[in-house]
Amino acid sequence: MNVPFLDLKKQYDSIKPEIDSAIQEIITSSAFIGGAAHKKFEEAFAAHQGVKYCVGVGNGTDALYVALKSMGLGAGDEVIVPANSFIASSEAVSLTGAHVVFADVSRATALIDVADVERKITSKTKAIVAVHLYGQPAPMKQLVGLAQKRRLKILEDAAQAHGAAIDGVRVGNFGEAATFSFFPGKNLGAYGDGGAIVSNSQELAEKCRMYANHGRLDKYDHKMEGINSRLDGLQAAILNVKLKHLEKWTEQRIAIADHYDKHLPKDVERFERVPGNRHVYHLYVIKVKAREALLAHLKEKGIGTGIHYPIALPLLKAYAHLGHTEKDFPVSAVLSGEIMSIPVDGAMTIEQARYVTDVICGFYTK
Ligand SMILES: *Cc1c(COP(=O)(O)O)cnc(C)c1O
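So, here's what we can say about the structure. (Residues numbered from 1 in each chain as written. Predicted model: local features only at pLDDT ≥ 70, side-chain atom pairs only at ≥ 80, totals over all residues. Heavy atoms only, no water.)

### Notes on helix α1 (residues 8-29)
For α1, built from 22 residues, the straight-helix expectation of 32 Å at 1.5 Å per residue is missed by more than 12%, its first-to-last C-alpha distance being only 27 Å. By the burial criterion, the buried members of α1 are Q11, I15, I19, A22 and I26. For α1, the elements touching its buried residues are α2 (36-49) and α8 (233-263). Immediately downstream of α1, the backbone of S30 shows phi near 55 degrees, a positive value. (Helix = DSSP H or I, 4+ residues; strand = E, 2+ residues; numbered from the N terminus. Expected span 1.5 Å × (residues − 1). Buried < 20%, exposed > 50% of the residue type's maximum accessible area, 1.4 Å probe, protein only. Contact = heavy atoms within 4.5 Å.)

Put into structure tokens, the structure is as follows:
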């Protein structure tokens, strides 16, 4: 058996007629930028997250940048970002001119460690980027409490967490805004780049919309300088089709994760699923000691894997100027040497998941 890490072709095959006709419709109507599909997607995605407003943008990194900029962050401000994430979470902070301050993560969940966030707050701290890593919501109750006490803003980076929720409330409802990525491999993926900002604040959503579209809401009435970052019509049309299937695919991801939770051998350490959280399993990540050997074994058995992420953000060359060492982020530094991701996807079957657990069990009883 073969279990690719991700099989986008298999997903396409399952929805081909719908996708092909949606693409055809955009081309025949020439609605390449803006248009009905774009508007429909923003409304449908806002409804999916249970928020009031959605602004489609060019990608998830721009979504973070546009949101932070529209929240008023810039030079002289400090923004706290978890040490274990994709670089976009911190990159977007630097793009605004603000200073990135990293916080360590929890060994149990890989999510931002609220106690460390509290230690990193200074008089210059203005915001926290709460990353819903791997598809599990960050500890929003604690973060929101802290943010209220210390007068900080929160931006949720939900690039990996479409449909994730805490006690039934979907991500996007906890911070000033939340950002999503529709990179092809994300839980909801376009056929190219795409992203969105959601918010319950009309004022903030409008600012984001303007900033992402040359500082305007109307054709040549530019209120300020902005950038060009829009979700295009083709991507919006594709996302409209896929959004209708997202809940079903998400339930399949959760079913596969349930299988892994139950059947992986005890040599494999799991991350905790926090009670009340709806974890949407963008990634299923395990902690193991003999990582290189297990990765090689899975490869030999036809199972795709990944590492998310092999180097903690503060220890990347990109942040060498901050002068951090592993001692500054003891949890993230250790985790980055132990974590590995095994396949989980809406197009995957339980039989494939069973093969993965059988192969991993075989590795440990060898
Ligand atoms: C993918 C991702 C992003 C960036 O999204 P792009 O669409 O690739 O720009 C941001 N944050 C996290 C946590 C991500 O996983």
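### What about the sheet that holds strand β15 (residues 339-342)?
Strand order across the open sheet formed by three strands is β12-β14-β15, with antiparallel pairing between neighbours. The sheet is open, and its two edges are formed by β12 (269-270) and β15, each paired on a single side. (Pairing = 2+ DSSP bridges.)

### Things to note about the pairing of strand β8 (residues 177-181)
Counting buried residues in β8 gives five out of five residues, a clear majority hidden from the surface. Side chains A177, T179 and S181 of β8 all project onto a buried face; the interleaved residues A178 and F180 project onto the opposite face, where all are buried too. Summarising the sheet, strand β5 (residues 153-157) and β8 pair through three bridges and their orientation is parallel. Within β8, the position partnered with E156 by the bridge is A178. Both β8 and strand β9 (residues 195-199) contribute to a ladder of four bridges, which runs antiparallel. Note that in β9 the partner of S181 across the bridge is G195.

### A word on the environment of G97
Here G97 is to be found in the loop between α4 (88-95) and β3 (99-103). Spatially, the C-alpha atoms of G97 and Q136 are 29 Å apart, while their sequence positions differ by 39 residues. What G97 contacts, discounting residues up to four positions off in sequence, is G74, A75 and G76.

### Remarks on the sheet that holds strand β13 (residues 277-278)
If you trace the three strands from one edge of the open sheet to the other, you get β7-β6-β13, paired in antiparallel fashion. Of all the strands in the sheet, the pair left with one neighbour each is β7 (169-170) and β13. In the sheet, strand β6 (residues 165-166) pairs with β7 via two bridges, with the strands oriented antiparallel. Among the inter-strand pairings, A165 is bridged to a residue of β7, identified as R170.

### Some words on the environment of K52
In this fold, K52 is placed in the loop between α2 and β1 (53-57). Sequence-wise, K52 and S199 are 147 residues apart; in three dimensions their C-alpha atoms are separated by 6.4 Å. When neighbours within four sequence positions are excluded, K52 is seen to be in contact with A46, S199 and N200.

Take it as geometry only, folks, not as evidence of what the structure does.
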